[in-house]
Amino acid sequence: MLLLKQSSAAILVVENTTPVLHTSRFTYRVGPFPVSRTQSFQSLTMANLQKLSTSSSGKLNTALAVSCSAHEASPISEKNENKHVHGVSEIIVGVLGGGQLGRMLCQAASQMAIKVMILDPSENCSASALSYGHMVDSFDDSATVEEFAKRCGVLTVEIEHVDVETLEKLEKQGVDCQPKASTIRIIQDKYMQKVHFSQHGIPLPEFVEIGDIEGARKAGELFGYPLMIKSKRLAYDGRGNAVANNQDELSSAVTALGGFSRGLYVEKWARFVKELAVIVARGRDGSMVCYPVVETIHRDNICHIVKAPADVPWKINKLATDVAQKAVGSLEGAGVFAVELFLTEDGQILLNEVAPRPHNSGHQTIECSYTSQFEQHLRAVVGLPLGDPSMRTPASIMYNILGEDDGEAGFKLAHRLIARALCIPGASVHWYDKPEMRKQRKMGHITLVGQSMGVLEQRLHCILSEQSQQVHETPRVGIIMGSDTDLPVMKDAAKILDLFGVTHEVRIVSAHRTPEMMFTYAASAHSRGVQVIIAGAGGAAHLPGMVASLTPLPVIGVPVRATRLDGVDSLLSIVQMPRGVPVATVAINNATNAALLAVRMLGISDTDLVSRMRQYQEDMRDENLDKDEKLETKGWESYLNQ
């Protein structure tokens, strides 16, 4: 039965044994009569709509075609200058599925006024309230998908478990599906996916298909234990995976997955040190952009936390990006693809699986990237230029809000978590508005953005802990010295940082007396959120150089005057660092300039500090002009005696 809605008010609600269509932006016209609140609706079944949409001659009814047919594709380009396009694009994007991914696609579409229609069997699905239109029925039903496609300019998915045969049929009829049905078919079957990527030279864990318990035993003998057993189809969010730790557990693992008739295969256990992911976007012209590599942390096989960017060496970052790009390059169609990877103990990157849609590992891009994965997916499928995938904040953490209990008890726990998150700087809450709470169900997520991963981990701890909501400010500058005898000099750096409102810490860290402490301090400074280190040292002055060799952060050395050589020895020691270990330095005992240099470094990404520095310079100028005026007025003798 057809359900039309204007704004948020439903016009008709009847039994939903046939597809139901919601729309908030237009009124369908059947023949010459407009659908309105007062009209009789008993004849508006989907079957009758199909009959009414054609005249006795078999031609498509013009009025219905205007309301329901696809808009002509109109991406922004010089070739389309003569086309009259209102806004970014007039293409209606049809999405199979209306869960949280569909919801966030609708949110991204709203800022560009791109119309997104969804097909989902749940009348109260997450995306419904935000969509341009909602057809309530199964995306596995062939007739429904075909009818839905007539209303869209391009068809895409927010879940890959759809009727791929219908998509292939629609493509033959000229319907624009992105990504292509061939890609959906490959991704739907995880074994077929493994075979496909293996044929294209993508590094993978070893795998083999199994059809009976004997095949499972042979796989165990071949790969050893523990053994990962997976379902070929309908496997996501922890579903469809089972681990057998020894041969005796094979039968129970197979039974837990529904038996061999479901279609199973085995993977050799990947001994990984981290799970990584890369979001790859491909345009209709074949161009590709990759988001920064992220680390994913799972709980009970469900994505729990995403850290962006991943804390891995540059060469691992490059390797992961190359593998992801090569994998997506072997598939067909435009859109966003999520490539999940394993980083092994010996530094290999192995592909786990690929999703042909926006993904949980990319939710943080809404806040931390110039172009979110959801906007990027819309750009790609519509045919717009791909956006900048780089991060606009140094670090981000995404935390999934998973159901901790069923029903109202679960809602209360989630509400308390959200309340704590809203008190934390840099935290954004996304609630998916699902009507039913279940344990382990994805109900929303929290994104944190900030200057460093260490800062964000502390803030996430405050959200998850009910003991305290106080967030301690992380020092942006570390002031260190080898002895407290250096403090009378180094205190000037602290005074300047206080003047500019820059958080800092003052520590005694000796390169000679406490080398282990020095190593730990230097190695952990970046992850804790420190951005610049000011190191004061006298005599041999090894501290600045040793610290610089252990951290990627800029180090400013302050030569401190000692009892002998008047500090020249310290200055020469600091400036004579070997090539590849840079240390900036200032005049002997001039910790003031060291702090001012640190402020200027921080000002590269902090406009407030730039403004404060300009004011500091103006104040110095005004002070000097005032002194000059007094000297000129009073004369030098009075000036000196004042």
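Since we're looking at a predicted model, the values are computed, not measured.

Asks: Please clarify how the overall build of the chain should be interpreted in this entry.
Replies: Per the secondary structure count, the chain includes 21 helices and 27 strands. Relative to its 642 residues, the chain shows a buried fraction of 51%. Counting contacts in the chain only where the partners sit at least 6 residues apart, residues at least 24 apart contribute 61% of the total. When the accessible surface of the chain is summed, it comes to about 30200 Å², and 51% of that surface belongs to carbon and sulfur atoms.

Asks: Can you help me understand the packing of helix H13 (residues 407–421) against helix H14 (residues 453–464) in this one?
Replies: Two packed helices can be described by the angle between their axes and the distance between those axes. Axis separation between H13 and H14 bottoms out at 8 Å; the angle between their running directions is 140°. With respect to each other, H13 and H14 are oriented oblique. Two packed elements cross with a definite hand, and for H13 against H14 that hand is right-handed. Residues Leu-417, Arg-420 and Ala-421 of H13 touch H14, and the partners they reach there are Cys-462, Ile-463 and Leu-464. Of the residues contributing to the contact of H13 with H14, the split by class is five nonpolar, no polar and one charged.

Asks: Mind showing me how you'd approach the sheet that holds strand E23 (residues 477–481) here?
Replies: Strand-to-strand pairing in sheets goes through backbone hydrogen bonds, with the strands running parallel or antiparallel. On the basis of which strands lie adjacent, the open sheet formed by five strands has the order E24-E23-E25-E26-E27 and parallel pairing. Looking at strand neighbours, the two that pair on one side only are strand E24 (504–508) and strand E27 (584–585), the edges of this open sheet. Note that E23 and E24 share five bridges and pair parallel. In the sheet register, Ile-479 faces E24, and the bridge partner there is Val-506. The strands that helix H15 (residues 487–499) touches are E23, E24, strand E25 (532–538) and strand E26 (555–560); relative to E23, the one it contacts most, it runs at about 170°.

Asks: Please clarify how the packing of aromatic side chains should be interpreted in this entry.
Replies: The geometry of an aromatic ring pair is captured by the separation of the ring centres together with the interplanar angle, meaning the angle of the planes. This model, assessed by the stated rule, comprises five aromatic pairs. Aromatic side chains Tyr-191 and Tyr-265 sit 5.9 Å apart centroid to centroid with 55° between the ring planes, which places their arrangement in the tilted category. Here Tyr-191 is found in helix H7 (residues 190–199), whereas its partner Tyr-265 is found in strand E13 (residues 264–268), with 74 residues between them in sequence. A single burial state applies to Tyr-191 and to Tyr-265, both of which are buried. A centroid spacing of 5.5 Å and a plane angle of 50° characterise the contact between Phe-500 and Tyr-616, whose relative ring orientation is tilted.

Asks: Which parts of the structure should I look at to understand the nonpolar core?
Replies: Note on soluble globular proteins: their nonpolar side chains tend to be buried together. Ranked by internal contacts, the top residues of the largest apolar core, which has 27 residues, are Val-477, Ile-479, Met-490, Phe-500, Val-502, Ile-534 and Val-558. Residue assignment for this core shows that the elements contributing at least two residues are E23, H15, E25, E26, helix H19 (591–602) and helix H20 (607–634). With seven residues, H19 is the single largest residue contributor to this core. Among all residues touching Met-490, those that are not within four sequence positions of it are Ile-479, Ile-480, Met-481, Ile-534, Ala-535, Gly-536, Val-558 and Ala-591.

Asks: How do you make sense of the state of the cysteines when you look at a structure like this?
Replies: One pass over the structure, following the stated rule, counts zero disulfides. Cys-125 forms no disulfide, and the closest cysteine sulfur to it belongs to Cys-106, at a distance of 8.7 Å. By relative accessible area, which is 9% here, Cys-125 ends up buried.

Asks: Could you clarify how one ought to interpret the pattern of salt bridges in this entry?
Replies: Opposite charge on two side chains permits pairing when their charged atoms draw close. Under the definition given, this model contains 26 salt bridges. Note that Glu-457 is salt-bridged to Lys-307, the shortest N-O span being 2.7 Å. Of this pair, Glu-457 sits in helix H14 while Lys-307 sits in strand E17 (residues 302–308), and the two are 150 residues apart along the sequence. Residue Lys-307 is classed as buried on the basis of its relative accessible area of 18%. Put simply, Arg-379 and Glu-375 hold a salt bridge, and the shortest N to O gap is 2.9 Å. Separated by four residues within a single helix, Arg-379 and Glu-375 lie in helix H12 (residues 373–382), roughly one turn from each other. Accessibility expressed as a relative area gives 10% for Glu-375, which makes it buried.

Asks: Looking at this structure, how should I read the environment of Glu-404?
Replies: Within the element layout of this structure, Glu-404 appears in the loop between strand E20 (395–402) and H13. Overall, Glu-404 belongs to the partly exposed group, its relative accessible area being 47%. Considered as a pair, Glu-404 and Ala-414 are 10 residues apart in the sequence and their alpha carbons are 7.8 Å apart.

Asks: It is not clear to me how a nonpolar patch on the surface should be interpreted in this structure. Could you clarify?
Replies: Residues Val-568, Leu-572 and Val-575 make up a contiguous nonpolar surface patch of roughly 230 Å² in combined accessible area. Examined against the element boundaries, Val-575 turns out to sit in helix H18 (residues 568–575).

Asks: I keep staring at the sheet that holds strand E12 (residues 241–244) and nothing clicks. Help me out?
Replies: Sheet architecture is open: four strands sit in the order E10-E13-E11-E12, paired in antiparallel fashion. Strand pairing shows two members of the sheet lacking a second neighbour, strand E10 (207–210) and E12, which therefore form its edges. Averaged over all neighbouring strand pairs, the angle between strand axes comes to 30°, with direction disregarded. Bridge count for strand E11 (residues 227–231) against E13 is five bridges, and the pairing is antiparallel.

Here is what the cut-offs are and how they apply
Residues numbered from 1 in each chain as written. Predicted model: local features only at pLDDT ≥ 70, side-chain atom pairs only at ≥ 80, totals over all residues. Heavy atoms only, no water. Helix = DSSP H or I, 4+ residues; strand = E, 2+ residues; numbered from the N terminus. Buried < 20%, exposed > 50% of the residue type's maximum accessible area, 1.4 Å probe, protein only. Contact = heavy atoms within 4.5 Å. Areas by Shrake-Rupley, 256 points an atom, 1.4 Å probe, with all protein chains shown as cover. Axes fitted to C-alpha atoms, helices over the stretch in contact; angles between N-to-C directions. Parallel < 35°, antiparallel > 145°, perpendicular 65-115°, else oblique. Left-handed = near helix turned anticlockwise from the far one by under 90°. Nonpolar A, V, L, I, M, F, W, Y, C, P; charged D, E, K, R; others polar. Pairing = 2+ DSSP bridges. Phe/Tyr/Trp six-rings, centres within 6.5 Å; stacked < 30°, edge-to-face > 60°. Core = buried A, V, L, I, M, F, W, Y, C linked by side-chain atoms within 4.5 Å. Disulfide = S-S within 2.5 Å. Salt bridge = Lys/Arg side-chain N within 4 Å of Asp/Glu carboxyl O. Patch = residues over 30% accessible without salt bridge, like charges linked within 9 Å, V, L, I, M, F, W, Y side chains within 5 Å.

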